[in-house]
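Coordinate analysis (summary)
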Amino acid sequence: MPSAKSPADTMFRRLLCCICGQSTADADDYVLLGISTPGIPTEQWLGAHAEHLNSLLARGFSVEVHKM
């Protein structure tokens, strides 16, 4: 599981969408995904537009964005 001190806590700029490659700077549906593997100390972080991510997910899975 990604560490509690994630890039989301320290990033000044959003990542490009990992699906379309475009900027997410003004996107209302920006999501930050953390991927890790047990026993390996490294993490991979991906940014995406939720709409684009939803277009790739299997049926029954979806990403919802809730503004805090």
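Keep in mind it's a predicted model, so treat the numbers as computed, not measured. (Residues numbered from 1 in each chain as written. Predicted model: local features only at pLDDT ≥ 70, side-chain atom pairs only at ≥ 80, totals over all residues. Heavy atoms only, no water.)

1. Some remarks on the overall build of the protein
Heads up, the rule is: Helix and strand definitions follow DSSP, with helices as H or I runs of at least four residues and strands as E runs of at least two, each counted in order from the N terminus. Each residue's exposure class comes from its accessible area (1.4 Å probe, protein chains only) as a fraction of the maximum for that residue type: buried when under 20%, exposed when over 50%, partly exposed otherwise. Two residues form a contact once any of their heavy atoms are found within 4.5 Å.
Secondary structure assignment for the protein yields 2 helices and 2 strands. Counted from the first residue to the last, the protein has its helices and strands arranged as α-β-β-α. Counting across all 68 residues of the protein, residues that qualify as buried make up 19%. Residue pairs in contact within the protein that sit at least 24 positions apart in sequence constitute 44% of those at least 6 positions apart.

2. What about the side chain of histidine 49?
By the element assignment, histidine 49 lies in strand β2 (residues 43–49). If we skip the residues at most four places from it in the chain, histidine 49 touches Cys17, Cys20, Gln22, Ser23, Thr24, Ala27 and Asp29.

3. Examining the environment of cysteine 17
By the secondary structure assignment, cysteine 17 is in the loop between α1 (7–10) and β1 (30–36). Look at cysteine 17 and you get buried, because its relative accessible area is 2%. Along the sequence, cysteine 17 and histidine 52 sit 35 residues apart, while their C-alpha atoms lie 8.4 Å from each other. Cysteine 17 has contacts with Gln22, Thr24, Gly47, Ala48, His49 and His52, leaving out every residue within four places of it along the chain.

4. Section: the environment of asparagine 54
By the element assignment, asparagine 54 lies in helix α2 (residues 50–56). Given the relative accessible area of 27%, asparagine 54 is considered partly exposed. In this structure the C-alpha to C-alpha distance between asparagine 54 and glutamate 64, which are 10 residues apart in sequence, comes to 9.0 Å. Those residues in contact with asparagine 54 that lie beyond four places of it in its chain are Ser62 and Val63.

Take it as geometry only, folks, not as evidence of what the structure does.
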